[in-house]
Amino acid sequence: MTFALEIVIAAFLVAGGIFGLIGSYGLLRLRDPMQRLHAPTKATTIGVGTALVASAFHLALQGQGVSWHELMIAIFLLLTAPVSALFLAKTHIFRTFPKSDLPDPGTGTPWATHDAAWPAKPDRINPPS
Amino acid sequence: MILSYALDFAIGAFGLCLVLNLIRLFTGPTLTDRILAVDTMTVNALALVMLTTVRSGSNLLFEAALLLALTGFIGTVAYCKFLLRGSIIE
């Protein structure tokens, strides 16, 4: 039982290292800034999440039970990686493309990245009745 | 035994990840690349801290990893918000 658990933890560790390497190598290797956004936000998150799972189950080897704290960090990373990727993409659009180059979003309003009225001013949140 | 080898491999892999991110941080043509490189470096450093925890057998460094995750995310979002809007808290 202990040996099987050791094998599983070792497999998680190796998978985490490989996924982390893929993510960082993709960050270095891909050509376009928006392509470069793919590698760290997906592969590195999976790699670190796998290493965290291995770390969570490691204490069970010494008979101390599974420490579930590590899964908290993994869930936090899984939640925050898309948010930071969205912010980085918005920043790249804002700094690279002028307003006239962007296609019409089709909602009748300008792109939120270029909209000077975003976020809504206080008088828009509570319109005078 | 096999766990020790796997642990060495993972620590080496994440250390190499930090070096690759550092290259992208210094050569990155756009500012977005540099922010992304710093964000990835934070996540990789978090993984190294957790692997150090596995190696030492204690669970004392958990708070350090949690703080790295929090400050890395908040730093990335604050820098992007500053570039987008010119101020962080409007």
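Residues numbered from 1 in each chain as written. Chains lettered and ligands numbered in written order. Predicted model: local features only at pLDDT ≥ 70, side-chain atom pairs only at ≥ 80, totals over all residues. Heavy atoms only, no water.

## Quick word on the overall build of chain A
When helices and strands are tallied, chain A shows five helices and zero strands. The N-to-C order of helical and strand elements in chain A reads α-α-α-α-α. In chain A, buried positions account for 40% of the 129 residues. Within chain A, residue pairs in contact and separated by at least 24 positions form 45% of the contacts whose partners lie at least 6 positions apart. Put simply, chain A shows about 7300 Å² of open surface, and 68% of that area lies on carbon and sulfur atoms. (Helix = DSSP H or I, 4+ residues; strand = E, 2+ residues; numbered from the N terminus. Buried < 20%, exposed > 50% of the residue type's maximum accessible area, 1.4 Å probe, protein only. Contact = heavy atoms within 4.5 Å. Areas by Shrake-Rupley, 256 points an atom, 1.4 Å probe, with all protein chains shown as cover.)

## Digging into the nonpolar core
In this structure, Leu13, Val48, Leu52 and Ile73 of chain A together with Phe14, Leu46 and Leu51 of chain B are the most contacted members of the largest nonpolar core, which totals 26 residues. Of the residues forming this core, the biggest block, seven residues, is contributed by helix α2 (residues 31-56) of chain B. Ignoring any residue separated from it by four or fewer positions in sequence, one finds leucine 46 of chain B in contact with Val48, Leu52, Ile73 and Leu77 of chain A together with Ala65, Leu68 and Ala69 of chain B. One finds Leu27 and Phe87 of chain A together with Ile35 and Ala37 of chain B within the second-largest nonpolar core, a separate group that totals 15 residues. (Core = buried A, V, L, I, M, F, W, Y, C linked by side-chain atoms within 4.5 Å.)

## What to know about the packing of helix α1 (residues 2-29) of chain A against helix α1 (residues 2-27) of chain B
One can describe the packing of α1 of chain A onto α1 of chain B by two numbers: an axis separation of 8 Å at closest approach and a directional angle of 15°. If you check the angle between α1 of chain A and α1 of chain B, you find them roughly parallel. Crossing of α1 of chain A over α1 of chain B shows left-handed handedness. Class assignment for the residues of the contact of α1 of chain A with α1 of chain B results in 22 nonpolar, five polar and two charged. (Axes fitted to C-alpha atoms, helices over the stretch in contact; angles between N-to-C directions. Parallel < 35°, antiparallel > 145°, perpendicular 65-115°, else oblique. Left-handed = near helix turned anticlockwise from the far one by under 90°. Nonpolar A, V, L, I, M, F, W, Y, C, P; charged D, E, K, R; others polar.)

## With respect to the environment of glycine 23 of chain A
Residues and elements named next belong to chain A. Its place among the elements puts glycine 23 in helix α1. On the accessibility criterion, glycine 23 (0% relative accessible area) is buried. C-alpha of glycine 23 to C-alpha of alanine 56: the two residues are 33 residues apart in sequence and 22 Å apart in space. Those residues in contact with glycine 23 that lie beyond four places of it in its chain are Ala39, Pro40, Ala43 and Thr44.

What is shown is where atoms sit, not what they do.
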